[in-house]
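What follows is the residue order along each chain.
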Amino acid sequence: MADRDPDTIKRDIDQARDQLAATVDNLAVRANPQRIANDIKAGVLRFLKKPAVAASLAGVGAVVVVIVVRRVRRR
């Protein structure tokens with residue numbers, strides 16, 4: 001084992017502790033359920049706002065309305 005100065009060892013330990021604290025803080029932010037939910041919600045909204053998706057959803061909605069109206073009239 002190499003002989004090292006106690007001050008150097010203490011400095012290395014302090015640096016490692018600071019890096020570990022920063023990593024834990026970063027993981028806590030990334031694993032926050034509210035943040036994850038907000039990110040997913042934002043992604044879905046971006047997807048739904050695309051013109052092709054919006055037009056497809058409008059078409060599906062129109063078909064559903066027609067089917068419901070026909071079923072109601074048959075009764």
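Notes on the structure in this doc start here.

Conventions used here
Residues numbered from 1 in each chain as written. Predicted model: local features only at pLDDT ≥ 70, side-chain atom pairs only at ≥ 80, totals over all residues. Heavy atoms only, no water. Helix = DSSP H or I, 4+ residues; strand = E, 2+ residues; numbered from the N terminus. Rg over C-alpha atoms; globule rule 2.2 N^0.38 Å. Salt bridge = Lys/Arg side-chain N within 4 Å of Asp/Glu carboxyl O. Buried < 20%, exposed > 50% of the residue type's maximum accessible area, 1.4 Å probe, protein only.

Observations concerning the overall build of the protein
Okay, step 1: Counting secondary structure elements, the protein contains three helices and zero strands.
Okay, step 2: Taken from the N to the C terminus, the helices and strands of the protein come in the order α-α-α.
Okay, step 3: Its C-alpha atoms give the protein a radius of gyration of 29 Å, clearly above 11 Å, the size a compact globule of 75 residues would have.
Okay, step 4: Taken over the C-alpha atoms alone, the protein extends approximately 90 × 25 × 20 Å along its principal axes.

Re the pattern of salt bridges
Okay, step 1: In this structure the tally under the stated criterion is four salt bridges.
Okay, step 2: Of the charged contacts, one joins Arg-4 and Asp-12 as a salt bridge, the two residues approaching to 2.8 Å between their closest N and O atoms.
Okay, step 3: Arg-4 sits in the partly exposed class, given a relative accessible area of 48%.
Okay, step 4: In this structure, the salt-bridge partner of Asp-14 is Arg-17, at a minimum N-O distance of 2.9 Å. Placement of both Asp-14 and Arg-17 in helix α1 (residues 6-30) is noted, with a separation of three residues, approximately one turn of the helix.

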